[in-house]
Amino acid sequence: MTLVGQGVHGGRRASVTIAPAGADAGVVFNVGSAEIESHWSRVDASKLRTRLACGGASVSTVEHLMAALAALRIDNALVLLDGDEVPAMDGSARDFVSAIDEAGLVTLAAPRRCWRVVKSTRVTDGAGWAELRPAEAGLHLDVEIAFPGPVGRQRLSLDLTPENFRRELADARSFGFLNDAERLWRESLALGANLDNTLVFDERGPINPQGLRFADECVRHKTLDVIGDLALAGAPIIGAFRSYRGGHALNIALLEAAARDGALTPEFERAPKENATDAGRSLSP
């Protein structure tokens, strides 16, 4: 499956093709002749987006695609790019979910690997913080944001399931503030941002003609970003995530701290009672 759009930060046309991969391949980005694994150790930039790099090649803004793959329980895929940024589409994960549904999935003959949180880990950055705690099953997310003006303080708590992602998170768009635009452009960020791929606020509220998709769309998108960043653990996480005034940098720092502190232990995911086995999945060929 191939999607074409514009890179929200580079501002250039971008296309991405997502292809099947074998068991235990993980999600790998192919940029030119370089292959970049989707792992937190490959992150080299995390301001307003997550960028992976290896051997002089890089791919930016991977978080929305990674969130869709992780939420729909796709462990293995080859992601082919014709540039250095995943297209923004409409600023959400909706188009990625639709494309995955159209392609279909195949269950692979291999146990599904995961990481279990065995002790709490917390990282801070000024007033912001993020933490992982042990939980019995699945991944629970509790995300709180605090911005000035019309966004304000918002909080969302839910369990990550394919159904919850589709219903509650996939449509939530990236957001930004009109009075930040010129500063971001000077930093070569948001060069491709527009009202078709970004929810933009002025001092009164959103200026997009269609308005908000959810009353609390901003915290829903931040939660989507968390899912995409946590997917860079290299396998699904069983635990509870909580953050306040977080972002990509804190999410990646949390994964690094959890790995360093021995807070994550590998195991195979227990199969649901209705299934004889549980396995990783890839896109349908």
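Look up: the structure comes first, before these words.
Residues numbered from 1 in each chain as written. Predicted model: local features only at pLDDT ≥ 70, side-chain atom pairs only at ≥ 80, totals over all residues. Heavy atoms only, no water.

A. Spotlight on the environment of Phe 147. By the element assignment, Phe 147 lies in the loop between β13 (139-146) and β14 (153-159). A sequence separation of 39 residues divides Phe 147 from Arg 186, and the C-alpha atoms of the two residues are 22 Å apart. (Helix = DSSP H or I, 4+ residues; strand = E, 2+ residues; numbered from the N terminus.)

B. Broad picture of the pattern of salt bridges. In the structure shown here, the tally under the stated rule is 27 salt bridges. A salt bridge links Arg 153 to Glu 144, with the nearest nitrogen and oxygen atoms 2.6 Å apart. Glu 144 sits in the buried class, given a relative accessible area of 9%. Three or more residues joined by partner-sharing salt bridges are found here, namely Asp 142, Glu 144, Arg 153, Arg 155 and Arg 242. (Salt bridge = Lys/Arg side-chain N within 4 Å of Asp/Glu carboxyl O. Buried < 20%, exposed > 50% of the residue type's maximum accessible area, 1.4 Å probe, protein only.)

C. Molecular detail of unusual backbone geometry. Phi angles above zero are rare outside glycine, and Asp 24 is one such case at about 65 degrees. Of note, Asp 24 is situated in the loop between β2 (13-19) and β3 (27-31). The exposure class of Asp 24 is exposed, given its relative accessible area of 51%. The backbone phi angle of Ser 188 is positive, close to 60 degrees, even though this residue is not glycine. By the secondary structure assignment, Ser 188 is in the loop between α4 (181-186) and β16 (199-201).

D. Geometry of the pairing of β13. With respect to burial, β13 is a largely interior element, six of its eight residues being buried. As judged from the six bridges shared by β13 and strand β17 (residues 237-244), these two strands associate in the parallel manner. Within the sheet, the bridge partner assigned to Leu 139 lies in β17 and is Gly 239. In this structure, β13 lies alongside β14, joined through seven bridges in antiparallel fashion. (Pairing = 2+ DSSP bridges.)

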